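For reference, the chains in residue letters:
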Amino acid sequence: MTLDPFLMRAILAGLGVALAAAPLGCFVVWRRMAYFGDATAHAAMLGIALSLALSVPLLAGTLAVALTMALAVSRLSGRGIAVDTLLGVMSHSALAFGIVAIAFVPGVRLDLSAYLFGDILAVRWVDVALIWLGAASVSALVAWRWSALLTATLSPELAQASGIRPERERLILTVALALVVALAIKVVGVLLIAALLIIPAAAARPMARTPEGMAAIATALAAASVLAGIALSFAADTPTGPTIVCAAALVFVLSNSAAALLSRAPPR
Amino acid sequence: MSPDTPLIDCHGLDVRYGGTRALHGIDFHIDRGEIVTIVGPNGSGKSTFLRALIGAVPLSGGEIRHAPGLRIGYVPQRLQIDPTLPITVARFLCLPDAVPRARIASALDTAGVPDLSHRQMAALSGGQFQRVLLARALLSDPDLLILDEATQGLDQPGSAAFYRQIEGLRDDLGCAVLMVSHELHVVMSASDRVICLNGHVCCEGTPETVSAAPAYQALFGTGTQGALALYRHEHHGHSHDDIDRPAAE
């Protein structure tokens, strides 16, 4: 069987995003930044509105706004408002302002759901190329800083004592996160990006003994979810982005219930 | 570095958080092989002071001089590893830089917890966890060990054993030790010098001098004196030392 080119592009785009998102997602889980990922993703909606209004490329607009949002939250946290409150305020305001702003853009009649839930079947080759370029950059960045990121995640103080600057590592994660969000919008949309970061990592946790193992397993599970999601959505004619997330969620349930069953088994 | 230069020497140290003065006008030094303990009530700036010494807190005044090439091993107050992060003891000790297997084994051995290297960090008991942190600090072959309330969460025999081990390390490795503690009578017995901190240095000297000082008694009351005397008596008698020492020694 030969794959239709659009299916081929969808698979490649999905795998590219999975490759970048899964290891980064492990840090999001370890550092309890799940909500932070959400806020960054929601802010991208405002980025979409700005790109349309100013007619700049979508990727540039979303990247700029996602990055601004992520940096603003990093800076503002710990200044009198609890971080989760701050994130709740900024995340949903950015989403709401984004959707309202799009209504103001003259001459644009667009399908909002393509941005909210992704439109992976409509990606072009240039999008695929951009996604892989971005994914390669994010992977290289994370691989390069791996040891420092991990030390700073375990304990900022230990990191400091070893000559690592925790704020800098945090900034690197923030930038990588904004980049992944900007890349993933076409694939799963603004509302579901955080799922692609967190679910594979959470599904990998029971099977892993080391951080590296968890990142590798998460990447494999994310890739499998993308393939299964595209296949299922093709067969059942369901929206592709959400189907990918459903597949990942299923993997999470299977992995964690298997772990629960195994731990109840008599000790070896 | 010459043996008589202090490992760390600081003058007129000032640290501010926002508008509040956490530390002011602190003069401090620690010499090679010395055990110095910092005591003080909650919020007296003990942890801030240690963090300032390792460069983790910006100074608003004063200066800190490290002896050239000074290697510091830092044992933090407590470390919560998120249960979502799987990591073995051996991998933990290889962060941020990889360490040969033999050195990991010997550091764990020195810290009194051999055979732990394949265990998950999350599965360790409080005492084991602190000794793994100690092993991590020992990997850098430190001239100075800095411990920030390293026995939080350990029971009293557990922390007494831990501090005796620290004292043993000083004797074996020759490193100086700077520690902060709440457990005055336990720590003071092992100290050459005690500094009582409350934003500034209230008093300092030998454990006996400090525990008799009016400034110290104003902060802590006289109640601990009896326990201190009792403990020092036992300590010098060596009658019970062998019981509390970990089996690994």
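Structure report, in brief. (Residues numbered from 1 in each chain as written. Chains lettered and ligands numbered in written order. Predicted model: local features only at pLDDT ≥ 70, side-chain atom pairs only at ≥ 80, totals over all residues. Heavy atoms only, no water.)

This part is about the interface of chain B and chain A. Between chain B and chain A, the contact holds 25 residues from the first and 23 residues from the second. Surface buried jointly by chain B and chain A totals about 2100 Å² across both partners, of which 59% is contributed by carbon and sulfur atoms. It is B:L85, B:P86 and B:P96 in chain B that bury the most area against chain A; as a group they hold 26% of the surface buried on that side. If you look at where chain B meets chain A, you find three salt bridges. Where chain B packs against chain A, one counts ten residue pairs in polar contact (both at pLDDT 80 or more). Taken together, the residues of the side of chain B that touches chain A break down into 14 nonpolar, six polar and five charged. (Contact = heavy atoms within 4.5 Å. Buried area = accessible area lost by both parts, 1.4 Å probe. Salt bridge = Lys/Arg side-chain N within 4 Å of Asp/Glu carboxyl O. Polar contact = N/O pair within 3.5 Å; in protein donor to acceptor, adjacent residues only side chain to side chain. Nonpolar A, V, L, I, M, F, W, Y, C, P; charged D, E, K, R; others polar.)

Strand pairing in a sheet takes place through backbone hydrogen bonds and is either antiparallel or parallel in direction. Residue and element names in this part refer to chain B. Spatially, three strands are ordered β2-β1-β4 in an open sheet, and the strand pairing comes out antiparallel. In this open sheet, the two edge strands, each paired with only one partner strand, are β2 (20-30) and β4 (61-66). The average undirected angle you get between the axes of adjacent strands in this sheet is 25°. Note that strand β1 (residues 8-17) and β4 share five bridges and pair antiparallel. Within the sheet, the bridge partner assigned to H11 lies in β4 and is E63. (Pairing = 2+ DSSP bridges. Helix = DSSP H or I, 4+ residues; strand = E, 2+ residues; numbered from the N terminus. Axes fitted to C-alpha atoms, helices over the stretch in contact; angles between N-to-C directions.)

This paragraph deals with the pairing of strand β5 (residues 72-75) of chain B. Residue and element names in this part refer to chain B. Residue alternation in β5 divides its side chains into two sets, I72 and Y74 and G73 and V75, and both sets are buried. Summarising the sheet, β5 and strand β6 (residues 144-148) pair through four bridges and their orientation is parallel. Note on β6: the bridge partner recorded for I72 is L144. (Buried < 20%, exposed > 50% of the residue type's maximum accessible area, 1.4 Å probe, protein only.)

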